[in-house]
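Survey of secondary and tertiary structure
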Amino acid sequence: MGKVGVVATVAAAATACAVAALLTRRYAKKSRKWRKSTAILKDLEEKSATPVGKLNQIADAMTVEMHAGLASEGGSKLKMLITFVHNLPTGNEKGLFYALDLGGTNFRVLRVQLGGKEGGIISQEFTEVSIPPSLMVGTSKELFDFIATELAKFVAQEGEDFQVPVGEKRHLGFTFSFPVMQTSIASGNLIKWTKGFSIDDAVDQDVVAQLTKAIERQGLDMSVTALVNDTVGTLAGGRYENKDVIAAVILGTGTNAAYVERAQAIPKWHGPPPSSGEMVINMEWGNFRSTHLPLTEYDNELDVESLNPGEQIFEKIISGMYLGEIVRRVLLKMAEEGFFGETVPEKLKEKFILRTPDMSAIHHDSSADLNLVGSKLKDILEISDTSLDVRRVVVELCNIVATRGARLSAAGIFGILKKLGKDTINDGESQKSVIALDGGLYEHYTEYRKCLENTLKELLHESVSDKVIIEHSNDGSGIGAALLAASHS
């Protein structure tokens, strides 16, 4: 071989070596980034673990807090609010009644025609309205005027099937899904806002009085005869359909639970004994917290940056408003380690850009190449050309966050059953314990729902599990409010 050929060969070999070395370095760098990213996922999985032993500890802590909250005002993080509802619907209710259901970023207005024992719910109509974000942080007058205007529009559109007899007033049940200290069945002062609302001048004010003034400003002849929390409404609607309903849970944008308690088990109740011997308690369980809760750095950061730091800790790890945001925060940390490439996607830095319905769609993608996952990452976060491995990791992340939330929800329900002594069965006892469950998270997030139901069975003794039943109470809170308006009108 000539001298020129030797030089060329050496140069080619050197180039090949350099390219190989470059590729090796790139591969090694990519490998390191992948390992760091998946280590973040593994760490999250370990810190989010909910073995049965831990769930039992959480259920026991829930029961202890329930006792404390019933004993005295301020005795527990659980408000355990007395609702003044001690007679739930019987099925004898008759007539035309309305409900206003304000529970989150939307509110619904319903009218229901009740036909008594024989007729049941003859017919119903509703409309749903989105609340402009500016009204969620504005003034109470602006919010309630907006609601009353939509209520007046709804009444103006009713047909011949829905008419109030001449001379009679319209009666409305008001479902208000925020913590309220009730002073009667139709009055109560707002304790604090949750679910992204922050209207300072409404706090400590009677929400029924504010709604009534707004209704009067619309010239509408309507009386608010029952103020109920959405869980209390769901409980009332559930009991109307099934006499074995003992509790209700909402799992939607936010979360809460209510249940039927023996009046004698409420030391802080100083009124006359209810004729039924029972009282519905609004737990406000979103504010539950315990050292046993598996909190992570992402939960702590979310809490610190929220509108209500230190509050609603249980809600922030199990409810629909927050699950997608937890996933985003973990993805952001992974992206900072190079999970999506050399740069961190700008959209991934936007808080609450990844909503729980999107997380649910990602989690439920069963296609071989996870096409929907890729589409969601591209459309929402502007992350293109993701590999199948990346998509699989994203699905697994959604699974970890949803599983923790669902299992903790089940532990909360188990805590209620323990408080009522329904976690065991006495000899000869055959009555079922039915939990009415409602909310978009429970209704639409199939994996979450299945995990919750399976976990509750896992926690219950085999002899009890077939006696505890979860029933989906679709639109229970709205119907329940109308029913309570009927029974208290």
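Residues numbered from 1 in each chain as written. Predicted model: local features only at pLDDT ≥ 70, side-chain atom pairs only at ≥ 80, totals over all residues. Heavy atoms only, no water.

Attention now goes to the overall build of the protein chain. Check the secondary structure of the protein chain and you find 16 helices and 13 strands. Its C-alpha atoms give the protein chain principal-axis dimensions of about 115 × 55 × 40 Å. Residues classed as buried in the protein chain amount to 54% of the 489 residues present. For the protein chain, the share of sequence-separated contacts (at least 6 apart) that also reach a separation of at least 24 residues comes to 72%. As displayed, the protein chain offers around 21,400 Å² of accessible surface, 51% of which is attributable to carbon and sulfur atoms. Between the mean site of the 53 positive side-chain charges and the mean site of the 63 negative ones, the protein chain shows a separation of 7 Å. (Helix = DSSP H or I, 4+ residues; strand = E, 2+ residues; numbered from the N terminus. Buried < 20%, exposed > 50% of the residue type's maximum accessible area, 1.4 Å probe, protein only. Contact = heavy atoms within 4.5 Å. Areas by Shrake-Rupley, 256 points an atom, 1.4 Å probe, with all protein chains shown as cover. Lys, Arg positive; Asp, Glu negative; His and termini not counted. Charge placed at Lys NZ, Arg CZ, Asp CG, Glu CD.)

With that settled, the discussion passes to the environment of Asp206. Structurally, Asp206 can be placed in the loop between strand E7 (187-190) and helix H5 (207-217). Take Asp206: its relative accessible area is 23%, and that puts it in the partly exposed class. Sequence-wise, Asp206 and Ser187 are 19 residues apart; in three dimensions their C-alpha atoms are separated by 6.3 Å. Not counting the four nearest positions on each side in its chain, Asp206 is found in contact with Ser187, Gly188 and Asn189. In this structure the side chain of Asp206 is engaged in a polar contact, spanning 3.0 Å, whose partner is the backbone nitrogen of Val208. (Polar contact = N/O pair within 3.5 Å; in protein donor to acceptor, adjacent residues only side chain to side chain.)

Here we come to the nonpolar core. Generally speaking, nonpolar side chains in soluble globular proteins are found buried as a group. With 86 residues, the main nonpolar core has Met283, Trp285, Leu331 and Tyr448 as its most contacted residues. Per element, the largest residue contribution to this core is 17 residues, and it comes from helix H12 (residues 388-419). Judged by nonpolar contacts, the second largest core, of 37 residues, contains Leu102, Phe154, Phe174 and Leu227. (Core = buried A, V, L, I, M, F, W, Y, C linked by side-chain atoms within 4.5 Å.)

This part takes up the side chain of Asp365. Structurally, Asp365 is set in the loop between helix H10 (356-363) and helix H11 (371-381). The side chain of Asp365 is buried and forms no salt bridge, while Arg391, the nearest opposite charge, is found at 6.7 Å. Among the polar contacts listed, one links the side chain of Asp365 to the side chain of Ser367, at a separation of 2.8 Å. If we ignore the near neighbours within four places in the chain, the residues touching Asp365 are Leu370, Asn371, Leu372 and Val373. (Salt bridge = Lys/Arg side-chain N within 4 Å of Asp/Glu carboxyl O.)

It is worth spelling out the packing of H10 against H11 at this point. Here H10 crosses H11 at 150 degrees, and the two axes come no closer than 8 Å. With respect to H11, the axis of H10 lies roughly antiparallel. The chirality of how H10 crosses H11 is left-handed. Across the interface between the two elements, Asp358, Ala361 and Ile362 of H10 pack against Leu372, Val373, Lys376 and Ile380 of H11. Across the contact of H10 with H11, the residue classes break down as 5 nonpolar, no polar and 2 charged. (Axes fitted to C-alpha atoms, helices over the stretch in contact; angles between N-to-C directions. Parallel < 35°, antiparallel > 145°, perpendicular 65-115°, else oblique. Left-handed = near helix turned anticlockwise from the far one by under 90°. Nonpolar A, V, L, I, M, F, W, Y, C, P; charged D, E, K, R; others polar.)

Counted under the stated rule, the structure contains 14 aromatic pairs. Between the aromatic rings of Phe178 and Phe197, the centroid separation amounts to 5.1 Å while the plane-to-plane angle is 70 degrees, which identifies the pairing as edge-to-face. Taken together, the positions of Phe178 in the loop between strand E5 (170-176) and strand E6 (180-184) and Phe197 in the loop between E7 and H5 put the pair 19 residues apart, joining distant regions of the chain. Here Phe197 falls in the buried class, since its relative accessible area comes to 3%. Aromatic side chains Tyr322 and Phe352 sit 6.4 Å apart centroid to centroid with 65 degrees between the ring planes, which places their arrangement in the edge-to-face category. With a gap of 30 residues between them, Tyr322 in helix H9 (residues 320-336) and Phe352 in the loop between H9 and H10 connect regions that are remote in the sequence. Here the aromatic residues Phe174, Phe176, Phe178, Trp193 and Phe197 are joined through ring pairs into a cluster of three or more. Over the aromatic face of Tyr442 sits the side chain of Arg449, whose NZ or CZ is 5.9 Å from the ring centroid. (Phe/Tyr/Trp six-rings, centres within 6.5 Å; stacked < 30°, edge-to-face > 60°. Lys NZ or Arg CZ within 6 Å of the ring centre and 35° of its normal.)

Time to look at helix H6 (residues 230-241). Helix length check: H6, at 12 residues, gives a terminal C-alpha distance of 17 Å against a target of 16 Å (1.5 Å per residue), a fit within 8%. Extensive coverage of H6 is indicated by the burial of 11 of its 12 residues. Here H6 has its buried residues at Asp230, Thr231, Val232, Gly233, Thr234, Leu235, Ala236, Gly237, Gly238, Arg239 and Tyr240. (Expected span 1.5 Å × (residues − 1).)

Read from one edge of the open sheet, 5 strands run E4-E3-E2-E5-E8, paired in mixed fashion. Looking along the sheet, the strands with just one partner apiece sit at the ends: strand E4 (121-130) and strand E8 (222-228). Sheet twist, expressed as the mean angle between neighbouring strand axes with direction ignored, is 20 degrees. Sheet topology places E5 next to E8; 6 bridges connect them, and they run parallel. Within E8, the residue paired with Phe174 across the bridge is Leu227. Against the sheet, H6 touches strand E3 (106-115), E4, E5 and E8, its axis set at about 90 degrees to E8. Against the sheet, helix H16 (residues 476-487) contacts strand E2 (94-102), E3, E4, E5 and E8, and its axis sits at roughly 130 degrees relative to E2. (Pairing = 2+ DSSP bridges.)

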